[in-house]
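Listed below are the residues making up each chain.
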Amino acid sequence: MRNRSHRWRAVLAAAAAAALLGTAACDSSAPGGTTKPRPSAKPTPVWDRSPDSMAAVGDSITRGFDACSVLSDCPEVSWATGSDPRVDSLAVRLLGTTGAAERSWNYAVTGARMADLPGQMAEAATRGPELVTVMAGANDACRSSASAMTSVADFRAEFQDALDTLRRALPKTQVYVSSVPDLKRLWSEGRGSALGKQVWKLGICPSMLGDADSLNAAATLRRGQVLDRVKAYNQVLREVCAKDRRCRFDGNAVFDYRFGADQLSHWDWFHPSRDGQARLAEIAYRTVTAREPVT
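Residues numbered from 1 in each chain as written. Predicted model: local features only at pLDDT ≥ 70, side-chain atom pairs only at ≥ 80, totals over all residues. Heavy atoms only, no water.

Draft legend 1. Region of interest: a nonpolar patch on the surface. Among the surface-exposed residues, V70, L71 and W267 lie close enough to one another that they form a single nonpolar patch of about 320 Å² accessible area. With respect to the helices, strands and loops of the structure, L71 is situated in the loop between α2 (60-63) and α3 (90-103). (Patch = residues over 30% accessible without salt bridge, like charges linked within 9 Å, V, L, I, M, F, W, Y side chains within 5 Å. Areas by Shrake-Rupley, 256 points an atom, 1.4 Å probe, with all protein chains shown as cover. Salt bridge = Lys/Arg side-chain N within 4 Å of Asp/Glu carboxyl O. Helix = DSSP H or I, 4+ residues; strand = E, 2+ residues; numbered from the N terminus.)

Draft legend 2. Local environment of the packing of aromatic side chains. Tallied over the full model, the rule gives two aromatic pairs. Here the aromatic rings of W79 and Y176 are separated by 6.1 Å at their centres, their planes lie at 70 degrees, and the arrangement is edge-to-face. Of the two residues, W79 is situated in the loop between α2 and α3 and Y176 in strand β4 (residues 174-177); the sequence distance between them amounts to 97 residues. Using a relative accessible area of 0% as the deciding quantity, one classes Y176 as buried. Here the aromatic rings of F155 and Y233 are separated by 4.1 Å at their centres, their planes lie at 15 degrees, and the arrangement is stacked. Of this pair, F155 sits in helix α6 (residues 152-169) while Y233 is found in helix α10 (residues 217-242), placing the two residues 78 residues apart along the sequence. (Phe/Tyr/Trp six-rings, centres within 6.5 Å; stacked < 30°, edge-to-face > 60°. Buried < 20%, exposed > 50% of the residue type's maximum accessible area, 1.4 Å probe, protein only.)

Draft legend 3. Focus on the pattern of salt bridges. Within this structure, the stated rule accounts for twelve salt bridges. Here R274 ties to D84 by a salt bridge, and the two come within 3.0 Å at their closest N and O atoms. Of this pair, R274 sits in helix α12 (residues 274-289) while D84 sits in the loop between α2 and α3, and the two are 190 residues apart along the sequence. The exposure class assigned to R274 is partly exposed, which follows from its relative accessible area of 27%. Residue class for D84 comes out buried when judged on its relative accessible area of 9%.

Draft legend 4. Representation of the side chain of S104 in the model. Along the chain, S104 turns up in strand β2 (residues 104-106). Taking relative accessible area as the criterion, S104 reaches 11% and is therefore assigned buried. Excluding residues that lie within four positions of it along the chain, S104 makes contacts with M54, T81, A91, L95 and G99. (Contact = heavy atoms within 4.5 Å.)

Draft legend 5. Region of interest: the sheet that holds strand β3 (residues 131-135). Taken together, five strands build an open sheet; the order of strands is β2-β1-β3-β4-β5 and the sheet is parallel. Two strands close off the open sheet at either side, each with one partner strand: β2 and β5 (247-249). Across this sheet, the average inter-strand angle for adjacent strands is 15 degrees, counted without regard to direction. With three bridges joining them, strand β1 (residues 54-58) and β2 adopt parallel strand pairing. Each residue of the ladder has a partner; that of M54, found in β2, is S104. In the packing of α10 onto the sheet, contacts are made with β4 and β5, and the angle to β5 comes to roughly 150 degrees. (Pairing = 2+ DSSP bridges. Axes fitted to C-alpha atoms, helices over the stretch in contact; angles between N-to-C directions.)

Draft legend 6. Inspection of the state of the cysteines at higher detail. This model, assessed by the stated rule, comprises three disulfides. There is a disulfide in this structure between C68 and C74, and the S-S distance comes to 1.9 Å. Looking down the S-S bond of the C68 and C74 bridge, the torsion is -70 degrees, so its handedness is left-handed. Judged by its relative accessible area of 27%, C68 falls in the partly exposed class. You can call C74 buried: its relative accessible area is 3%. A disulfide bridge connects C142 with C205, and the sulfur atoms are separated by 2.0 Å. Across the disulfide from C142 to C205, rotation about the S-S bond amounts to roughly -80 degrees, and the bridge is consequently left-handed. (Disulfide = S-S within 2.5 Å.)

Draft legend 7. Highlighting the pairing of β1. Within β1, five of the five residues are buried, which leaves the element mostly enclosed by the surrounding structure. The alternating pattern of β1 places M54, A56 and G58 and A55 and V57 on opposite faces, both of which are buried.

Draft legend 8. Structural context of the packing of α3 against α12. Here α3 crosses α12 at 60 degrees, and the two axes come no closer than 7 Å. Two secondary-structure elements touch here, α3 through L90, R93 and L94 and α12 through A278, A281, E282, A284, Y285, V288 and T289. Of the residues belonging to the contact of α3 with α12, the class tally is seven nonpolar, one polar and two charged. (Nonpolar A, V, L, I, M, F, W, Y, C, P; charged D, E, K, R; others polar.)

Below, the structure written as structure tokens:
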């Protein structure tokens with residue numbers, strides 16, 4: 001009986017020791033007997049703040065129209081891809097002078113509207129850029145009359161089509177989207193120039209700039225309709241871009257920018273001057289390189 005009892009006590013002691021060792025193993029990393037979870041690896045950010053190539057699509061603003069001479073494009077001062085050191089374009093800021101010359105492309109077309117953007121996107125995609133910049137919509141509001149402006153529904157469908165065109169070819173390319181500028185501010189800033197008003201009579205943005213000196217009810221209503229349409233376009237740009245994790249809208253920074261005469265071309269008092277192009281480049285660079293997207 002003594003030997004059997006001794007063996008039984010030995011078995012119990014061994015079992016207790018094993019249990020204690022198991023508890024100690026669990027207890028070694030955290031009090032209370034629970035295992036501390038290992039920290040999970042941080043996910044790779046979706047947005048690359050330093051893309052290695054870029055392409056630009058849009059209208060006359062991105063072509064530098066009327067910034068250097070009258071009625072002509074001047075892409076070297078483009079806010080997006082220009083080489084002029086006084087502008088310090090987005091491409092130069094991101095890629096350097098040599099990189100911008102070799103790995104940035106401008107597919108914007110003077111006079112383009114949002115309906116033209118899918119075709120420009122298809123051209124840009126052939127280069128395989130890591131970033132595409134978009135500035136379009138002013139010409140959709142600058143029509144012969146307020147009633148001729150592109151509808152908000154069509155504007156939305158056309159912008160979505162442009163993004164879809166890019167995504168079919170380049171699903172991981174990033175997109176920077178500029179808001180449409182405040183066209184009513186263009187009127188209020190430029191109407192003080194007698195030369196500017198004469199140039200406007202040639203047909204520059206009649207829906208907003210026509211009959212520039214008139215402050216009657218009809219003119220005020222017309223300008224208000226154009227302003228409201230631009231605001232609606234910018235809301236479309238915000239909403240469509242927000243659904244694409246590799247798209248960043250500028251948060252209305254271009255629309256809200258309080259530009260003055262120095263930022264306007266003195267050829268037409270409508271398009272950006274060199275200084276205006278530089279301000280657009282600053283806004284774009286700030287948005288593209290921000291740690292978090294603008295909300």
